[in-house]
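As a plain string of letters, each chain reads:
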Number of protein chains: 2
Amino acid sequence: MAKTTSLSGFPEWLPNERMLELILLDQLRHTFELHGYTSVETRAVEPLTELLRKGETSKEVYVLSRLQDIGNTETNSARQLGLHFDLTVPLARYVVEHAGQLAFPFKRYQIQKVWRGERPQEGRFREFTQADIDVIGQETLPFHYEIELPLVMAEALQALPIGQIQIKANNRKVVQGFCEALGITDIDQALRSLDKLDKIGPEGVTAELMNNGFTDNQISPLLAMAQIQATSSAELNTLVAKLGVHSELLSTGLQELGALIDAAELRCPGVMVADLKIARGLDYYTSSVYETILVDAPGLGSICSGGRYDSLATVGKRTYPGVGLSIGVSRLVSHLLSQGQVQASRSVPTAVLVIVDAEETRQISTGIADSFRARGICTDVSPTAAKYGSQIKYADRRGIPFVYFPESREIKNIITGEQTEADPATWSIPSEYARVQLVNVFS
Amino acid sequence: MAKTTSLSGFPEWLPNERMLELILLDQLRHTFELHGYTSVETRAVEPLTELLRKGETSKEVYVLSRLQDIGNTETNSARQLGLHFDLTVPLARYVVEHAGQLAFPFKRYQIQKVWRGERPQEGRFREFTQADIDVIGQETLPFHYEIELPLVMAEALQALPIGQIQIKANNRKVVQGFCEALGITDIDQALRSLDKLDKIGPEGVTAELMNNGFTDNQISPLLAMAQIQATSSAELNTLVAKLGVHSELLSTGLQELGALIDAAELRCPGVMVADLKIARGLDYYTSSVYETILVDAPGLGSICSGGRYDSLATVGKRTYPGVGLSIGVSRLVSHLLSQGQVQASRSVPTAVLVIVDAEETRQISTGIADSFRARGICTDVSPTAAKYGSQIKYADRRGIPFVYFPESREIKNIITGEQTEADPATWSIPSEYARVQLVNVFS
C-alpha cells in the first residue's frame, strides 16, 4: 500500500498496486458478464431518508452539504444527501425508479466505491470498492437463483490468485423453524447470541441466552444445531434429525439448504459447506445466506457475503424479491498487497519502449511506436534522447520488458538479455509479455 | 437517459445506456494503455484546504460530515473533507505524496467520478465521469509531451462514434508575448474579454476592453490576433507577421504552437487548428492549451480540454510540471443518448440463452451454458421452464441474439430466424454477435 496514506481509512494504491486491483476487477467483470449479468452504476449519493431506513447504519453515513449552504439550517433540514454505504440500497431504489424500463428477472453487476464514516481499523476502510451481483424479480423469483449466485461468485473468486475459498451457507428458515419448534419467540436474540459462538464460545453464548430468559431445553439444542456443518443434504438431514426437533418451516429450510449444497458439490466441489451457526444477516435475509472466507486467512473475515431478500423493495402491493452477494474488493486487494505473494508483472501497461536516437529523429521513433500499437502492443517512446543506458533504465524502472532500437532495427528483451532483429510491422510479442500479469513473487 | 431522474444533476443510465458508456470507457482505456499510460485512482475526498486553493471553485465543492458530527462545530472547523471536483487537484496531491515511489516522467490515466455542487443545467451535471491523461515530470518536462498528449486524445476520441472532432490549440506565450509587445499589463483582463469573442462579438469585446482602460492601439491588434486560425506553422507565422507585433516571448510561443500544429497535421491530419482566441485556462496554464469540439455539435462546448502547467505542484524547491487533458465522459454519453443515433446492440452482455425444457432438467441447461462460457461466450439460462415462446421472449426483450434448445441440440438466431444443429463444446459464435457493439440506429 502507498506508504504514507495521508487520510486514514481512504486507501490509495501505487501504480503497480492499482495494476493488481485492475486485473482483479477485470477478472470479476469477465466472470459476471460470462453469466449474463449486465453492468449498472448508480449515483454515489442517495437521499438521507433512503440511507437511514436501517437505523443501525445511521452513524456511518457521510452527509453532503454544498459549501455555501453550510450553516443554512433551512437547506440542511430537508432533502439532504448522503454517500451510499453499500450498493444494495441504491439498487433497490434504482429498480423501483426504473421498473417500467427493466426486464425482470433483472441480473446486474455493480462495481463501485462505497463510503462509511466508521472509525478506521485493520481491513476497515471509509472508502472502498464493492463488486456486487444481484438478481431481482418482480413478485416472484425462483429458488434456483439462490444456487446460481453463490456459484457465480465461487467461479469469480476461484479465478483470482487468493488461494482456496470456502462459502458457508445457512438458511433463515432452518434457524427460524428450529427456534419456533423450541418455542423461542425472540429469534433475533437467538441469532445475535449464536453469531458470537466463535468469539465467546458455547459457555458465553449459554450465559447470554440464559440472561435473556432462554431455558436449558432451548439453549442446549440451539447450541447443538449451531455446531452442525455438512457438505451434503444427506449429512445435513442426518445431523439435524439427531436433535429430534421438527417443524414444517425447518423441513422447508433443510430442503432448500440441502439442494444448495448438493448443487454446489456437483458444480463446484469442495467450496460450499452448510454451517448452521452463520447468523449474520439472517435478521434481514429471508432464506439463503452466504459468507465466504479465505481458507488460508479466516481471520480476515467474510470477503463475500449475501443472501436472499423476499422483498428487496416494495411499491404499493408490488414486491421485488432479490438474491445478491457482495465482494469487498478493497479488503481483498489490501490483504493481497500486505501478503506480498502476488504482484503485477510491471507497473505500466507498456510492453515495448522505443529508443530515441536524437530529438531530431523522434518522429521516426513515434512512427515505429504507432506501428506496434496498430497491432495492439502497448508502446511508449523514450522521454529523451539520452544515452542508451539511461533510456533502458527508464524501461527497467517500470518493468517494461522490451526495448526497440530504431537504428539497428533490433529489439531487446531486457529481462533475458536476448536481442534480435525485428520489424515493428510484423514482430509478434511473446504472449507472456503481451499483457500485465499477476506473478507469484516467491515461485 | 433514464426517464425519471429523481435527483437533478445526478445522471443515471438504464442498462443499454450504461452498455454504451462502458464501450466508450473501454475504448478510451484501450487507447490510453496502448500509449503506455498507467491507471491511477485517487480517493474521492480531499482536505477542503486542498480543494479551495483556487478561490473561484469554492462554491462548487460538496463538503462531507459524518452524520453524528453535524452541529459539532469543533469537528467541523478543521480537517474537513470535500468531494474532488476534478482529477487534477488529486493528481497533484498524489504525485507530491508518493513522489519517492513514482517513476518520472509519470504517465497516468484516471477515469473517475467527480462532483460539483453547481446548479444543474443542460449538459451540466453535479456528478459526472471524467477521463484524464496527464504526464508529470520532476523539475523538467520536455516540450514533445505537449504534442503527444492532445494526439493521444485525438486518437482516443476518433475511435468513438461521435463524428468528426476538432482540437483548437493556443499557447499562453503567444498571447502573453503579444500583449507585452503592446504594452498591455493586465493580461488576465485581456484574456477574459477575448474569451467572450464568440458570445458578444468584436464590438462587445472592444467596449469591454475600453472600459478597462485599453487603448485603440492595443484593442485593434488584439482583436485581429484573436481572429487568427491556422493549420500550419507557415500560415500561422504569415498571419501573425502581418500584424507587425514582435516580442521574444511571442516568437517562442509561435514556434511551440507551430511545432504542435505541424506535428498534428502530420500524424492526425485535419484534426487540429491553431485558434488564437482560445483563452480558457490560459490564466493557469503556462504554454499549450487545448479545447475540443464535436464538429457536428459545436454548441455542446469543449468535450476535452487541457494544457501545460509549468508547476502542477511544488514542494520546497522541487516543482512538478505537467501536461494533461480531460474528457467529460458523462456529457459525451448524455449527448450521444439524446441524439439517439448510436445504440448498444443489446442491453445485456449475454449472447446465448439456453432454454430449460423442465425444472427437473435445469442441470442439463446449466451444463450446456457452462460449455459455452468455457469458450468465452456470455450465456444465460432461462429463468423458468415456460413455453418456448415465453423463453424466447426473455431473450428478445434483452436483445440476446441466440437461443439454444437442449432437446433438439439446435441453436436459433432469433434476429434472422436461422436455426441449425450445434454442439455447445465446439459451436463458434459469429464475430458480429460475440460482444455487444455500438450500432448506428439509422443506417
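Shown above is the structure to which this text applies.
Rules behind the numbers
- Residues numbered from 1 in each chain as written.
- Chains lettered and ligands numbered in written order.
- Predicted model: local features only at pLDDT ≥ 70, side-chain atom pairs only at ≥ 80, totals over all residues.
- Heavy atoms only, no water.
- Helix = DSSP H or I, 4+ residues; strand = E, 2+ residues; numbered from the N terminus.
- Buried < 20%, exposed > 50% of the residue type's maximum accessible area, 1.4 Å probe, protein only.
- Contact = heavy atoms within 4.5 Å.
- Areas by Shrake-Rupley, 256 points an atom, 1.4 Å probe, with all protein chains shown as cover.
- Least-squares fit on C-alpha atoms with pLDDT ≥ 70 in both.
- Axes fitted to C-alpha atoms, helices over the stretch in contact; angles between N-to-C directions.
- Parallel < 35°, antiparallel > 145°, perpendicular 65-115°, else oblique.
- Left-handed = near helix turned anticlockwise from the far one by under 90°.
- Nonpolar A, V, L, I, M, F, W, Y, C, P; charged D, E, K, R; others polar.
- Pairing = 2+ DSSP bridges.
- Lys, Arg positive; Asp, Glu negative; His and termini not counted.
- Salt bridge = Lys/Arg side-chain N within 4 Å of Asp/Glu carboxyl O.

S.K.: So what about the overall build of chain A? Which residues, and what values?
M.R.: Check the secondary structure of chain A and you find 15 helices and 19 strands. In terms of its C-alpha atoms, chain A occupies a principal-axis envelope of roughly 85 × 60 × 45 Å. Scored against the burial criterion, the 443 residues of chain A give a buried share of 57%. Long-range pairs, those at least 24 residues apart, make up 68% of the contacts in chain A between residues at least 6 apart in sequence. Looking at chain A as shown, the accessible area adds up to about 17900 Å², and 49% of this sits on carbon and sulfur atoms.

S.K.: Lay out the relation of the copies chain A and chain B with the relevant residues and their values.
M.R.: For the pair chain A and chain B, the best superposition has an RMSD of 0.0 Å and corresponds to a rotation of 180° with a translation of 0.0 Å parallel to the axis. Interpreted geometrically, this transformation is the action of a two-fold axis. When C-alpha distances to the rotation axis are compared across chain A, the minimum falls at A:Leu64, with a value of 2.4 Å. Interface overlap between copies is the fraction of interface residues in one copy that are interface residues in the other; for chain A against chain B it reaches 100%, indicating a shared surface.

S.K.: Go over the packing of helix H13 (residues 362-374) of chain A against helix H11 (residues 248-267) of chain B with me, naming the residues and quoting the values.
M.R.: Packing of H13(A) against H11(B) leaves a shortest axis separation of 13 Å and a crossing angle of 40°. As the angle between them shows, H13(A) and H11(B) are arranged oblique. Crossing handedness for the pair H13(A) and H11(B): right-handed. Contacts between H13(A) and H11(B) pair A:Gln363, A:Thr366, A:Asp370 and A:Arg373 from the former with B:Ala263, B:Leu266 and B:Arg267 from the latter. Looking at side-chain class alone, the contact of H13(A) with H11(B) contains two nonpolar, two polar and three charged residues.

S.K.: Describe the environment of B:Tyr309, naming the residues involved and giving the relevant values.
M.R.: Along the chain, B:Tyr309 turns up in strand E11 (residues 304-315). Classification of B:Tyr309 by relative accessible area gives buried; the value is 13%.

S.K.: Tell me about the pairing of strand E9 (residues 272-275) of chain B, and name the residues and values.
M.R.: Residue and element names in this part refer to chain B. By the alternation rule, side chains of E9 split into Met 272 and Ala 274 and Val 273 and Asp 275, which are all buried. As defined by bridge partners, strand E7 (residues 165-171) adjoins E9 across three bridges and the pair is classed as parallel. The partner of Lys 168 across the bridge, within E9, is Val 273. Alignment of strand E8 (residues 229-230) against E9, held across two bridges, turns out to be antiparallel. By the bridge assignment, Ala 230 is partnered in E9 with Ala 274.

S.K.: Quick one: what's the story with the sheet that holds E11(B), residue by residue and with numbers?
M.R.: Residue and element names in this part refer to chain B. The strand order across the open sheet formed by nine strands is E1-E5-E6-E12-E11-E10-E7-E9-E8, and the pairing between neighbours is mixed. Two strands lie at the open edges of the sheet, namely strand E1 (38-39) and E8, each paired on one side alone. Taken together, the two bridges between E1 and strand E5 (residues 106-115) define a ladder with parallel strand orientation. Of the residues in E5, the one forming a bridge with Ser 39 is Tyr 109. Across the sheet, helix H1 (residues 15-34) touches E5, strand E6 (127-136) and strand E12 (318-328), and the angle it forms with E5 is around 160°.

S.K.: Any chance you could break down the side chain of A:Glu60 for me, citing the residues and the numbers?
M.R.: All names here are of chain A. In this fold, Glu 60 is placed in the loop between helix H2 (48-51) and strand E3 (62-66). Here Glu 60 occupies a buried position and makes no salt bridge, while the nearest side chain of opposite charge, Arg 116, is found at 4.3 Å. Those residues in contact with Glu 60 that lie beyond four places of it in its chain are Trp 115, Arg 116, Gly 117 and Glu 118.

S.K.: Help me get a handle on the pattern of salt bridges, residues and values and all.
M.R.: Under the counting rule described, the total for this entry stands at 46 salt bridges over all chains. Among the ionic pairs, A:Glu148 bridges to A:Lys107, the shortest N-O distance being 2.9 Å. Of this pair, A:Glu148 sits in helix H5 (residues 144-158) while A:Lys107 sits in strand E5 (residues 106-115); the two residues are 41 residues apart in sequence, bridging distant segments of the chain. An identical accessibility class is assigned to A:Glu148 and A:Lys107; each is buried. Across the pair A:Lys107 and B:Asp380 runs a salt bridge, and its minimum N-O distance is 2.7 Å. Of this pair, A:Lys107 sits in strand E5 while B:Asp380 is found in strand E15 (residues 379-381), placing the two residues in two different chains. When sorted by exposure, A:Lys107 lands in the same class as B:Asp380, which is buried.

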